[in-house]
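Here is what each chain is made of, one letter per residue.
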Amino acid sequence: MKFLNKVGEYTKEAVQAAKYIGQGMSVTFDHMRRRPITVQYPYEKLIPSERFRGRIHFEFDKCISCEVCVRVCPINLPVVDWKFNSEIKKKELKSYSIDFGVCIFCGNCVEYCPTNALSMTEEYDLSTFDRHELNFDSVALGRMPTKVTDDPLVTPIRELAYLPKGVIEGHEVPHTAKRAGLRPEEIAEAASEQK
C-alpha cells in the first residue's frame, strides 16, 4: 500500500512538473512570435520620432536677449548674459548657455521663443563621464547634430513600435517606407470625411 501511495504521489508531482514546464514553454513560444526590442547601441541607433525632444539648438544671431526662455523655464535654466548698447538702444547678447544635466527637455523655451532662435534636435546621445560637460555654451548649442541616418558608423533602425505588420527585423524596412498605421493628418482627414 505504501508503495502505491508513493507511486501516486510521484505521478502527481510528475504531472505538476510537466504542467509547469508547459507554462514556461508557452511563454517562450509566445515571445518567439514577438518583435525584437534589442538595439545593439552604439552600433545601432533608433531613428527618433518626428516630435522627439532632443538637445536644444541655439542660433546666436537670432537671439534678441529677451529672456522669455528663462521666464517660461520651470527651473529658470537658460543663462542669458547680455549688455545694453546705448548707441543702438538694444540689448547685445554676450553669452548663452543651457545645462543639459539639469534640463527636463520640456520644450517651453523653444515654444515661446519669439524669434525661433531655439529649436529641438534629434540628438539624444548626451552621455559623458563628467556632468560639467553637459553645460553647453552658445558655441556648443549652435552645433548641428549628426542625423542617425547620415552617420556612416551607425546602423539606423526605425522605431520598433512603428514597424509594418508582419515585419520583425527593423533593418528590412527602408527609411523612406511608410509607417504602420495612420498618420495624424490621415486620421484628421478621415474624421472630417465622416462628418
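Attention here is on the structure that accompanies the text. What you are looking at is a predicted structure, and each value in this text was computed from that prediction instead of being measured.

This part is about a nonpolar patch on the surface. A surface patch of nonpolar side chains, about 500 Å² in accessible area, is lined by Met1, Phe3, Leu4 and Val7. Checked against the element boundaries, phenylalanine 3 lands in helix H1 (residues 2–32).

Enumeration over the complete set of coordinates arrives at four salt bridges. Here aspartate 125 and lysine 45 are joined by a salt bridge, their closest N and O atoms 3.8 Å apart. Taken together, the residues aspartate 125 in the loop between strand E5 (118–120) and strand E6 (135–136) and lysine 45 in strand E1 (residues 44–46) connect sequence positions 80 residues apart. For lysine 45, a relative accessible area of 15% puts it in the buried group. For arginine 143, the salt bridge identified is with glutamate 123, shortest N-O distance 3.7 Å. With arginine 143 in the loop between helix H4 (138–142) and strand E7 (155–157) and glutamate 123 in the loop between E5 and E6, this residue pair connects regions lying 20 residues apart in the sequence.

One broad trend across soluble globular proteins is that nonpolar side chains are buried collectively. Counting residues in hydrophobic clusters, the biggest one holds 22 residues, and the most contacted among them are Phe58, Tyr96, Phe100 and Leu118. Per element, the largest residue contribution to this core is three residues, and it comes from strand E4 (residues 90–99). Beyond its immediate chain neighbours, meaning those up to four positions away, leucine 118 contacts Ile56, His57, Phe58, Cys69, Tyr96, Cys109, Val110 and Cys113.

Cut-offs and rules
- Throughout, a residue's number is its position along its own chain's written sequence, starting from 1.
- Owing to the predicted nature of the model, reporting of local features is limited to residues with pLDDT of at least 70; listing and counting of side-chain atom pairs is limited to 80 or more, with chain, interface and lining totals taken over all residues.
- Hydrogens are left out, water is left out, and the side-chain values use all remaining heavy atoms of the structure.
- Patches were defined on residues exceeding 30% relative accessible area and lacking a salt bridge, with like-charge contacts within 9 Å and nonpolar side-chain contacts (Val, Leu, Ile, Met, Phe, Trp, Tyr) within 5 Å.
- Residue burial considers only the protein chains on display, and all accessible areas are found by Shrake-Rupley using a 1.4 Å probe.
- Salt bridge, as used here, is a side-chain nitrogen of Lys or Arg placed within 4 Å of a carboxyl oxygen of Asp or Glu.
- Helix numbering and strand numbering both begin at the N terminus, where a helix is a DSSP run of H or I of at least 4 residues and a strand a DSSP run of E of at least 2.
- Relative accessibility thresholds used throughout: buried, under 20% of the residue-type maximum; exposed, over 50%; partly exposed, between the two (1.4 Å probe, protein chains only).
- Side-chain atoms within 4.5 Å are what join buried Ala, Val, Leu, Ile, Met, Phe, Trp, Tyr and Cys residues into a set we call a nonpolar core.
- A contact between two residues is defined here by any heavy atoms of the two lying within 4.5 Å.

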